[in-house]
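Remarks on the overall topology
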Amino acid sequence: MFGIDDIEDAARLIYRQMQATPQYVWPLLGERTGSTVWVKHENHTPTGAFKVRGGITFMDWLKRTHPGTPGIVTATRGNHGQSQARAATAAGLKAKILVPFGNSVEKNAAMRAFGADLIEFGSDFDEARIEAMRLAEVEGLFCVPPFHRELLRGVATYALELFGAARDLDTVYVPIGCGSGICGVIAVRDALGLATEVVGVVSTEAAGAKLSFEAGKLIETNSANTIADGMAVRVPVQEAFDIYAEGASRIVAVSDDEIAAAMRILYSDTHNLAEGAGAAALAALIQEKHRMRGKKVGIILSGGNVDLPLYAKVLAGDAPKAG
């Protein structure tokens, strides 16, 4: 994959544009779970999610290796799109971002504010991704894939920060969408020679990564209708699967109700706002709290970009419904 020097180089590049995010031990979470809980706060980045890191490293690579590229096109449910729009605009490139119909209103607004030409297409992320590939050929834009070595190298820097603060973690729970987050944690864990278990987390409504992990081959699902839009992927990414199939200990599936409960707990116990995918790691830890009792555990709060109407319903305890 790559070594610690590659990740440290990425960190130096990223820190020109943002500060390292914090990781804290929250005692109320410890009381709930019976473990020492470190929260990695990727909700504290300039875009409110971990994806911003990969945008910075990817755009630096693109400018160096494809200097004639007029711009990029990519598909997203929001956080990846904000990252790419921000980085492309800063580099003087066009950014065409495709989202499925019914996507998060507030994430769409944020992408436009970062300079994106936003296009709605298809019923889900995977349909939008196919259209992005078509537009790349038609319009001569560089199609940013959901998984790429340079995206991964940037994302891995949050794991470098976490393990730098808490090198002796027994387990880290990481949400899985297209897979850059869990692969970044695995890459740093292995580069540092640590024994930490890495556990992936998916939605029960978008369980392709878990089904693939258990079958030993890619398995697609028919739908990915979950409030955790950052994990709403029907088709697992082969390159990511190849890494987490070898490097993860297991993958846990959590329901929308469990995710909503974790969103409420993160607010009450830490006063942090978490989107669905951002709360999924805590939901998985709570599901496995008897297994984790007495251990040192890391959870990745991957982002805090959730629409206000949905978050209000979650805080009120209303049954969440995916869009």
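Everything quoted here is computed from the prediction, not taken from an experiment.

1. Overview of the sheet that holds strand 6 (residues 142-143)
The 4 strands lie next to each other as 5-4-3-6, forming an open sheet whose pairing is parallel. Looking at the sheet topology across the chains shown, the edges are occupied by strand 5 (117-120) and strand 6. Here strand 3 (residues 71-75) pairs with strand 4 (residues 94-99) via 5 bridges, running parallel. Its bridge partner being in strand 4, G71 is matched across the sheet by K94.

2. Section: the nonpolar core
Within the largest apolar cluster, 49 residues are counted, with the highest numbers of intra-cluster contacts made by I182 and Y244. Secondary-structure elements contributing two or more residues to this core are strand 3, helix 6 (125-139), helix 7 (149-165), strand 7 (171-175), helix 8 (180-192), strand 8 (197-203), helix 10 (238-247) and strand 9 (250-254). Looking at this core, the element that brings in the most residues is helix 7, giving 8 residues. If you look at the next biggest cluster of nonpolar residues, it comprises 33 residues, including A283, L285, I299 and Y311.

3. A few points about the side chain of N43
Assignment of secondary structure puts N43 in the loop between strand 2 (36-41) and helix 3 (52-65). Judged by its relative accessible area of 14%, N43 is buried. A distance of 2.9 Å separates polar atoms of two side chains, one belonging to N43 and the other to N272. Setting aside chain neighbours within four positions, we find N43 in contact with G48, N272, L273, L301, G303 and G304.

4. Let's talk about the pairing of strand 2
Within strand 2, 5 of the 6 residues are buried, which leaves the element mostly enclosed by the surrounding structure. As paired elements, strand 1 (residues 23-25) and strand 2 share 3 bridges and run antiparallel to each other. The residue of strand 2 that forms the bridge with Q23 is K40. Sheet topology note: the strand 2/strand 10 (residues 296-301) ladder contains 6 bridges and is parallel. Looking at the pairing, K40 lines up with I300 of strand 10.

5. So, the pattern of salt bridges
Counted by the stated rule, this structure contains 21 salt bridges. Here R64 makes a salt bridge to D60, at a shortest N to O gap of 3.0 Å. Linking R64 with D60, this pair stays in helix 3, spanning 4 residues, or about one helical turn. You can call R64 exposed: its relative accessible area is 52%. The closest approach of N and O atoms between R250 and E288, which form a salt bridge, is 2.8 Å.

6. Focus on helix 4 (residues 79-90)
Side chains of residues three or four places apart in an α-helix project in the same direction, reflecting 3.6 residues per turn. In this model, helix 4 (12 residues) spans 17 Å end to end at C-alpha, consistent with the 16 Å of a helix rising 1.5 Å per residue. Of all 12 residues making up helix 4, 10 are buried, and the element is well covered by its neighbours. Every buried residue belonging to helix 4 is among N79, H80, G81, Q82, S83, Q84, A85, R86, A87 and A88, and all of these are buried. Elements that come into contact with the buried residues of helix 4 comprise helix 3, strand 3, strand 4, helix 5 (105-113) and helix 7. Within two residues after helix 4, G92 carries a phi angle of roughly 80°, on the positive side.

What counts and how
- Residues numbered from 1 in each chain as written.
- Predicted model: local features only at pLDDT ≥ 70, side-chain atom pairs only at ≥ 80, totals over all residues.
- Heavy atoms only, no water.
- Pairing = 2+ DSSP bridges.
- Helix = DSSP H or I, 4+ residues; strand = E, 2+ residues; numbered from the N terminus.
- Core = buried A, V, L, I, M, F, W, Y, C linked by side-chain atoms within 4.5 Å.
- Buried < 20%, exposed > 50% of the residue type's maximum accessible area, 1.4 Å probe, protein only.
- Polar contact = N/O pair within 3.5 Å; in protein donor to acceptor, adjacent residues only side chain to side chain.
- Contact = heavy atoms within 4.5 Å.
- Salt bridge = Lys/Arg side-chain N within 4 Å of Asp/Glu carboxyl O.
- Expected span 1.5 Å × (residues − 1).

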